[in-house]
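Examination of the molecular architecture
Spelled out from the first residue to the last, the chains are:
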Amino acid sequence: MDRNPTSRNLMLVAASGSLTLMIGAYLFQHVGGMAPCKLCITQRYPHVIAIALGVIAYFIPHRVIAALGAVAAATTSGYGMYHTGVERGWWQGPTSCTSGPIGEQSADDLFNQIMAAPLVRCDDVPWDLFTLSMASWNALISLGLVVIWIAAFKRASV
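Structure report, in brief. (Residues numbered from 1 in each chain as written. Predicted model: local features only at pLDDT ≥ 70, side-chain atom pairs only at ≥ 80, totals over all residues. Heavy atoms only, no water.)

**Points about the side chain of Gln-43**
Along the chain, the position of Gln-43 falls in helix 2 (residues 38-59). Not counting the four nearest positions on each side in its chain, Gln-43 is found in contact with Thr-76, Tyr-79, Gly-80, His-83, Ala-135 and Asn-138. (Helix = DSSP H or I, 4+ residues; strand = E, 2+ residues; numbered from the N terminus. Contact = heavy atoms within 4.5 Å.)

**Here we look at the packing of helix 2 against helix 5 (residues 134-155)**
It is the contact of helix 2 with helix 5, at a shortest axis distance of 12 Å, that shows an interaxial angle of 30 degrees. Accordingly, the angle class assigned to the pair helix 2 and helix 5 is roughly parallel. Of the two elements, helix 2 crosses helix 5, and the hand of that crossing is left-handed. Of the residues in helix 5, those in contact with Gln-43, His-47, Ala-50, Leu-53 and Gly-54 of helix 2 are Ala-135, Asn-138, Ser-142, Leu-145 and Trp-149. When the residues that make up the contact of helix 2 with helix 5 are grouped by side-chain class, the tally is five nonpolar, five polar and no charged. (Axes fitted to C-alpha atoms, helices over the stretch in contact; angles between N-to-C directions. Parallel < 35°, antiparallel > 145°, perpendicular 65-115°, else oblique. Left-handed = near helix turned anticlockwise from the far one by under 90°. Nonpolar A, V, L, I, M, F, W, Y, C, P; charged D, E, K, R; others polar.)

**Focus on the packing of aromatic side chains**
Summed over the entire model, instances satisfying the criterion amount to three aromatic pairs. With 5.1 Å between their ring centres and 90 degrees between their planes, Tyr-58 and Phe-59 make a pair best called edge-to-face. Where Tyr-82 meets Trp-91, the ring centres are 6.3 Å apart and the plane angle is 10 degrees; that geometry is what we call stacked. The ring of Tyr-26 carries the charged tip of Arg-44 above its face, separated from the ring centre by 4.6 Å. Against the face of Phe-153 rests Arg-63, its NZ or CZ located 4.0 Å from the ring centre. (Phe/Tyr/Trp six-rings, centres within 6.5 Å; stacked < 30°, edge-to-face > 60°. Lys NZ or Arg CZ within 6 Å of the ring centre and 35° of its normal.)

**Let's talk about unusual backbone geometry**
In the Ramachandran plot, Phe-130 falls in the positive-phi region, its phi being about 55 degrees despite a non-glycine side chain. Within the fold, Phe-130 resides in the loop between strand 1 (128-129) and strand 2 (132-133). Relative accessible area serves as the criterion here: at 66%, Phe-130 is assigned to the exposed category. The backbone of Thr-131 sits at a positive phi, close to 65 degrees, despite the residue not being glycine. (Buried < 20%, exposed > 50% of the residue type's maximum accessible area, 1.4 Å probe, protein only.)

**A few points about the side chain of Arg-44**
With respect to the helices and strands, the residue Arg-44 is situated in helix 2. Although Arg-44 is buried, it forms no salt bridge, and the closest oppositely charged side chain is Glu-87 at an N-O distance of 12 Å. Each residue touching Arg-44, except ones within four places of it in the same chain, is listed here: Met-22, Ala-25, Tyr-26, Gln-29 and Pro-36. (Lys, Arg positive; Asp, Glu negative; His and termini not counted. Salt bridge = Lys/Arg side-chain N within 4 Å of Asp/Glu carboxyl O.)

Here it is, written out as structure tokens:
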């Protein structure tokens with residue numbers, strides 16, 4: 001059990017950061033009308049885990065919880081970086097949600113891919129702020145959350 005309330009507070013702050021990002025994502029989706037792509041949805045899962053870890057940390061603020069929180073935040077940050085690269089054309093994303101080379105496909109294969117494609121593409125940027133997309137902001141903010149989770153880990157008792 002952690003006898004250092006600073007560690008618990010840091011874990012709660014980090015989990016609250018994930019909660020804030022999730023609320024923002026749902027506001028963009030349900031109020032702003034911006035449907036998420038496949039990669040956007042993938043970035044949400046580690047935040048949900050981090051939020052759950054924050055709830056657990058309220059009752060059991062242990063180093064293991066802080067370590068798992070850091071992993072969750074690093075995972076969503078990594079997904080955000082990957083998604084940013086897809087958006088900027090640095091690499092191709094999943095074929096299920098990005099446009100790919102058409103020279104290698106037959107007309108029938110291309111037609112089937114178009115008909116089966118989701119409405120939201122991963123390589124489109126529906127919103128940005130200071131030239132950074134939501135995926136980029138998620139990556140950066142989540143890196144900050146990793147730092148907070150690690151600080152909690154360092155302050156927690158064994």
